[in-house]
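Listed below, chain by chain, are the residues.
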Amino acid sequence: MQELYLISLCALVIFSILAILLKDLLKAALSLMAASVFLAVIFFFMKAYYAGVFEVSVVAGLITVLFVSTIGLTKGEADVFESKLPTIIFPLFFIWFIIIDILIMWVLLSKFPPLHKGIPETGSFGEVFWQKRTFDLVAQIGIIFAGVFSVLALFRKKDKNG
Amino acid sequence: MVSLFIIIPFVLAAVLPLIEKISKKFLPDLLTNLAMLFLLIYSMTFGYQIVVSNTGIRQLQWFNQQLNVVFALDGFSLFMLFAIYLLSFGVTLFSIDYMEHYGSKGIFYALFMIMVGGMSGLVLATDLFTIYVFLEVAAISSYGLVAYGLKHDELEASFKYLMLSAVATAFLLLGITLLFGLRGSLKLGDIADIVSSPNLKFATGICTGFFIFGFGLKAALVPFHSWLPDAHPSAPAPISAMLSGLLIKVSGVYALTRIFLNVFGLTPALSTVLMYLGVISILVGAITALGQGDIKRMLAYSSISQVGYIILGFGAGTSFAIMGALFHILNHALAKGLLFLNSGSVEHATGTRELDKMGGLAKRMPITAATTVVGSLSVAGVPPLNGFWSKLFIIIGLLQAKAYGFAFIAVLASIITLWYYIIIQRRAFFGKLKETLKDVKEVPFWMAVSTIFIALVCIIIGIGFWAVIPKWITPAANILELGIRYAKLYLRI
Amino acid sequence: MEFGILTKESGVILVNLIGDWYFNLLFCVILFFIGLYCLLSMRNLIKLLIGIEVIAKGITLALISASNARNCIFTGQSLVITFIVIEVCVVAVALAIIINIYRHTGSLDVKKLTKLKG
């Protein structure tokens, strides 16, 4: 089980790297979707089932559809010229960053106290979600309204001089 | 009920596009302005009752079939609500006539109400993650509002604003996750418990850094200010007034102050960092504003400078400094809102924003000229207008804290501020009337009414500050001075 | 130094990496770096948005692993679900702005967006 978990983490990182380095936008969006699927697998390993389902259906589904439709709508004659330099230099930066980061976190481990396991939660997920975090749900309604109205405002028909 | 502050904006925003289909001209304006007026009066009467009836600190819990929504309406929250609704009412009056340029007023008012609702929810929340979610509500609606005109400048500014804001909120969430992992709960009171334990000093330091980056970008502190001079001038004038007057203060300064003064506690190191950030913002904003040729860009840089004053006051931590900083939030919101609305009037009348193309407008637009004089003198800190008293309190507070260098720089920047506002007055309004501007007319009725209203409020608050301060500011200042004890006692449910 | 949840059984040290917070935090920081690198060096507007998506993945990983370590999965999942809703709305608004920019300038290059100098 541990090995599968480690493979999922590495696959997540590898697909994210592919998503930012690939030149073709469609392939980049599809590798982002693959990364989402592996992230959902990681969520399942940590017993976060609802979050895993949500991640697959929304991020790997809805956001990928949005990206692909935008890429389709903006295919132009003149493609953006990306210089090859960031792609070539990236492995260098990446390995340098990992080494420095592991060193820093090894040193900092002594300064962070160990997390003790808290009291396990009572009730089911539904009760915690609807009763303990109700204010967040009210705010989510606001988020959805804000997003919908912003998109409507950005795509509105201009009548006279708007 | 306190929940009306959040329910009314969201419900109204939901029905406004439908109402627009029924009656394009009359109903959306009327409903929005009535709702704003109602919320303003409601916060002044009912909210004030709640705050003073229980030694100034009161918490409400609303049970409805076992749903659990906790509002904390204390002095600081009520003060921010009062400032929000006062300026929003003026801005909605202004946009009755101004938004005819842009069309689709129903969607505009809906987005506006969502932004106001998001800001109200932010000040009423007691939970770190809830503060973050309402911050995003206000932010997403502001992305749409900045890009409302659909011209090239506005889209570019909105896109840059979106990118920088997304990175900042990512860092913010990283800090929230660290605190969540260390404590197990997200309530402000619970977190206040653990931040003083000695083996968590390093973790708290890292979280403080993340929060300064995240909230500092929303508050446009230097060096995180680069989105503001692009986003604020490109937005429509009412939205510039809202962003510069309210959004950078509610989502930036209010959240920063609530978390740093009430939950983390103002340690000497944190106080020094905040004071230095404030002073650098003051200087950079003031000096860069001198060289601008576009009215709204100059006002945007001036906003950076004035927010630096507010953070300097909060960082100093003495009683006069906190009182001055709170008062300056209200004063700057009103004055800067007034100045941005007037720049919108000038743009409506002359069609340009460049100072070179204007001149002598005072003969043709007397109301706009008079209110701009009131607003400029208020921001520059000239007695007896309201800006003078708040800056005076901040400087007295700095002298109390023995920070003489900072006080000197604050006074110096105040003189520079006065200088460039006089430059605007002379170049835009006084002097010879240019030939191209011979037949500009005064602004339409509602725009004039709203600017006169806000200018009158500035003058009244300036002359009557000795009545405003004990009623509105002292409860808020008391809460902030109580510091961590306040969060541990009250913000725990 | 504490690393992972070590249990010593019959002379063999086992490390439970799934429940370990610091190990997952390392991967979260790596994803953050990848996203920031994309934001700093890429020129296509949609690529910049993909960079923000990668950062958001890192944040969700950090949230879930923190709640897993503290044994309060349900709260963590609620936070993550709310954050995913926020992320979808931000991406939708950003894509709407990008489509409008494409209609105005005809290209998706961020170097063409230099009219305003900040």
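For the structure, check the block above.
Keep in mind that this is a model prediction, so the values were computed, not measured. (Residues numbered from 1 in each chain as written. Chains lettered and ligands numbered in written order. Predicted model: local features only at pLDDT ≥ 70, side-chain atom pairs only at ≥ 80, totals over all residues.)

Draft legend 1. Looking closely at the nonpolar core. Within the largest apolar cluster, 282 residues are counted, with the highest numbers of intra-cluster contacts made by Ile 114 and Ala 410 of chain B together with Ile 97 of chain C. A per-element tally of this core places helix 3 (residues 73-105) of chain C first, with 19 residues. When residues of this core are assigned to domains, at least three map to each of domain 1 (1-75 + 84-113) and domain 2 (123-162) of chain A. Residues contacting Ile 114 of chain B, with those up to four places away along its chain left out, are Gly 142, Phe 145, Ala 146 and Phe 149 of chain A together with Pro 9, Phe 10, Ala 13, Val 137 and Ser 141 of chain B. (Core = buried A, V, L, I, M, F, W, Y, C linked by C-beta atoms within 7 Å. Buried ≥ 20, exposed ≤ 12 C-beta atoms within 10 Å, placed from the backbone. Helix = DSSP H or I, 4+ residues; strand = E, 2+ residues; numbered from the N terminus. Domains from an automatic or database assignment. Contact = placed C-beta atoms within 7 Å.)

Draft legend 2. Main features of unusual backbone geometry. Residue Pro 223 of chain B is bonded to the preceding Val 222 of chain B through a cis peptide linkage, with omega at 10 degrees. Mapping Pro 223 of chain B onto the fold places it in the loop between helix 8 (201-218) and helix 9 (228-234). Between Pro 383 of chain B and the following residue, Pro 384 of chain B, the backbone shows a cis peptide bond with an omega angle of -5 degrees. Looking at where Pro 384 of chain B falls in the secondary structure, it is placed in the loop between helix 14 (366-380) and helix 15 (386-400). Unusually for a residue other than glycine, Lys 47 of chain A sits at a positive phi of about 65 degrees. One can find Lys 47 of chain A in the loop between helix 2 (25-45) and helix 3 (49-73). With a phi angle near 60 degrees, Leu 150 of chain B is a residue other than glycine that sits in the positive phi range.

Draft legend 3. The packing of helix 13 (residues 319-350) of chain B against helix 17 (residues 445-463) of chain B, seen in detail. Residues and elements named next belong to chain B. Running from N to C, helix 13 and helix 17 cross one another at 155 degrees; their axes reach a closest spacing of 10 Å. As judged from the angle between their axes, helix 13 and helix 17 are roughly antiparallel. Here the hand of the crossing between helix 13 and helix 17 comes out left-handed. Here Leu 334, Ala 335, Gly 337, Leu 338, Leu 341, Asn 342 and Ser 345 of helix 13 lie close against helix 17, whose contacting residues are Met 447, Ser 450, Thr 451, Ile 454, Ala 455, Val 457 and Cys 458. Of the residues assigned to the contact of helix 13 with helix 17, the class counts are nine nonpolar, five polar and no charged. (Axes fitted to C-alpha atoms, helices over the stretch in contact; angles between N-to-C directions. Parallel < 35°, antiparallel > 145°, perpendicular 65-115°, else oblique. Left-handed = near helix turned anticlockwise from the far one by under 90°. Nonpolar A, V, L, I, M, F, W, Y, C, P; charged D, E, K, R; others polar.)

Draft legend 4. The interface of chain C and chain A, seen in detail. On the chain A side, the residues contacting the 63 residues of chain C number 65 residues. Secondary structure elements with two or more residues in the side of chain C that touches chain A: helix 1 (21-41), helix 2 (45-69) and helix 3 of chain C. When residues of the side of chain C that touches chain A are assigned to their parent elements, the largest contribution, 24 residues, is made by helix 3 of chain C. Of the residues contributing to the side of chain C that touches chain A, the split by class is 42 nonpolar, 14 polar and seven charged.

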